[in-house]
Amino acid sequence: MSWEDKKMKKLIAGALTAAMVLGTVTPVAVFADEKQDLTLGLMLSDNTNQFFSTLEDAFKKAAEDAGYEVISLSSGNDAAKDVTNMEDLLTQSPDVIVYNPVDSDAAGDAVAMANDAGIPVVTVDRAANSGDIVCHIASDNVYGGEIAAQYIVDQLPDGGQVVEIQGQAGASATNERGEGFHNIMDDNDKFEVVVSQTGNWSSSEAMSVMENALTANPDIKAVFCHNDQMALGAIEACQQADRDDIVIVGFDADADNLDAIKAGTQAATVRQLPALMGETAVEVCGKIAAGEEVEASIGTEVELVTADNVDADATAEEEATTEEDATAEEDATTEEETETTDAE
């Protein structure tokens, strides 16, 4: 595809994006007569976070399977870096951009740059609070916060003091998980949330928050962390304070935290499906580029993981991996047999 053809394709895609956002047209397959030759941009808040690295790996794998190229950038949890990353990305002319912003409020500047360039934007996990977004893919974070809080309530029938270690201020996931948590906690007279402080998704910062909380409030009974990286920091702080009685609940179901649940150092986590988010994002990008209609919002499920179901979950994951490996081996064998037949 020539540069001129690709530029025209972006102009058409940009017009289609604007029309979809305004609801003025029903999308049609404007590129249906040509094979998709797509470059997808992926902007992540922090790909050193286990959750986002899983999403990134799945995104890249799904894109590779579809024959798409991927340009992946990470902002290291720096909202200002989102803008410079968007500038860099736009110079490489992606067809669709998948954006996981550091700060949902600040994300509008980066989104506006893509809008001005006529490139469709899909947000994943965290929303952008301004700008034209074709589709948002995320877990039901409010419900996740609610089931985390309800678990704490169920584990502590006599109530008590609770700590909330929040994600980065301004992130939609922080706001939504906090909303769900307080939907349950604020209506229960037996519980008092004595600390609600950001840990910025960081294990070390969460550890410091928890250390200070334990010093100021020695009767703390539970802590809810907005992600599992922070739960690891809370675990370390509790261990150093010799407080193995505190109910620690995280969010994401990272591998290290599932091990912590098995070991009994973490009580529960809310499972998200980052790999599914990544795969879904690639599928949505393909549809957008083909001019097909996509939903404005796509939700992925969350569930509570505790000691009661962590082993069953691991077994299911192992079976799924085994099945996937068997399918890949079968495909490879079939391809080899086909090549042998062709050679004969």
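Residues numbered from 1 in each chain as written. Predicted model: local features only at pLDDT ≥ 70, side-chain atom pairs only at ≥ 80, totals over all residues. Heavy atoms only, no water.

1. Concerning the environment of Asp-252
In step 1: Take Asp-252: it is sitting in strand S9 (residues 247-252).
In step 2: Using a relative accessible area of 5% as the deciding quantity, one classes Asp-252 as buried.
In step 3: A sequence separation of 17 residues divides Asp-252 from Thr-269, and the C-alpha atoms of the two residues are 6.6 Å apart.
In step 4: Residues in contact with Asp-252, not counting those within four places in the same chain, are Phe-51, Arg-177, Asn-227, Asp-228, Thr-269, Val-270, Arg-271 and Gln-272.
In step 5: A distance of 2.6 Å separates a polar atom in the side chain of Asp-252 from a polar atom in the side chain of Gln-272. (Helix = DSSP H or I, 4+ residues; strand = E, 2+ residues; numbered from the N terminus. Buried < 20%, exposed > 50% of the residue type's maximum accessible area, 1.4 Å probe, protein only. Contact = heavy atoms within 4.5 Å. Polar contact = N/O pair within 3.5 Å; in protein donor to acceptor, adjacent residues only side chain to side chain.)

2. Points about the packing of helix H7 (residues 203-216) against helix H8 (residues 228-240)
In step 1: Between H7 and H8, the shortest axis-to-axis distance is 7 Å and the interhelical angle comes to 40°. Judged by the angle between their axes, H7 and H8 are oblique. Judged by the twist between their axes, the crossing of H7 over H8 is right-handed. Between H7 and H8, the contacting residues are Ser-203, Ala-206, Met-207, Met-210, Glu-211 and Leu-214 on the first element and Gln-229, Met-230, Leu-232, Gly-233, Ala-234, Glu-236, Ala-237, Cys-238 and Gln-240 on the second.
In step 2: Residues belonging to the contact of H7 with H8 are distributed by class as follows: nine nonpolar, four polar and two charged. (Axes fitted to C-alpha atoms, helices over the stretch in contact; angles between N-to-C directions. Parallel < 35°, antiparallel > 145°, perpendicular 65-115°, else oblique. Left-handed = near helix turned anticlockwise from the far one by under 90°. Nonpolar A, V, L, I, M, F, W, Y, C, P; charged D, E, K, R; others polar.)

3. Here we look at the pattern of salt bridges
In step 1: Scanning the model with the defined rule gives seven salt bridges in all.
In step 2: When the shortest N-O distance is used, the salt bridge between Asp-65 and Lys-61 registers 2.8 Å. In this pair, Asp-65 and Lys-61 both sit in helix H2 (residues 50-66), four residues apart, roughly one turn of the helix.
In step 3: Residue class for Asp-65 comes out exposed when judged on its relative accessible area of 56%. (Salt bridge = Lys/Arg side-chain N within 4 Å of Asp/Glu carboxyl O.)

4. Digging into the environment of Ala-289
In step 1: Topologically, Ala-289 is positioned in helix H10 (residues 274-289).
In step 2: Distance from Ala-289 to Asp-37, taken between C-alpha atoms, is 9.6 Å for residues 252 residues apart in sequence.

5. Brief notes about helix H3 (residues 79-90)
In step 1: Taking 1.5 Å per residue, 12 residues should reach 16 Å; H3 reaches 17 Å between its end C-alpha atoms and fits that length.
In step 2: Contact partners of the buried residues in H3: strand S1 (39-44), strand S2 (69-74), strand S3 (96-99) and helix H4 (107-116).
In step 3: A distance of 3.0 Å separates the backbone nitrogen of Ala-80 from a side-chain oxygen at the start of H3, and that oxygen is part of Asp-78. (Expected span 1.5 Å × (residues − 1).)

6. Thoughts on the nonpolar core
In step 1: Among the nonpolar cores identified, the biggest contains 27 residues, and Leu-40, Val-98, Val-122, Ile-137 and Val-284 are the most heavily contacted of them.
In step 2: Only S1, H2, S3, strand S4 (121-124), strand S5 (135-139) and H10 provide two or more residues apiece to this core.
In step 3: In terms of residue count, H10 provides more of this core than any other element does, seven residues in total.
In step 4: Contacts of Val-284, omitting those with residues within four sequence positions, involve Val-122, Cys-135, Ile-137, Val-294 and Ile-298.
In step 5: Ranked by size, the runner-up nonpolar core spans 24 residues in total, among them Ile-220, Met-230, Ala-231 and Ala-260. (Core = buried A, V, L, I, M, F, W, Y, C linked by side-chain atoms within 4.5 Å.)

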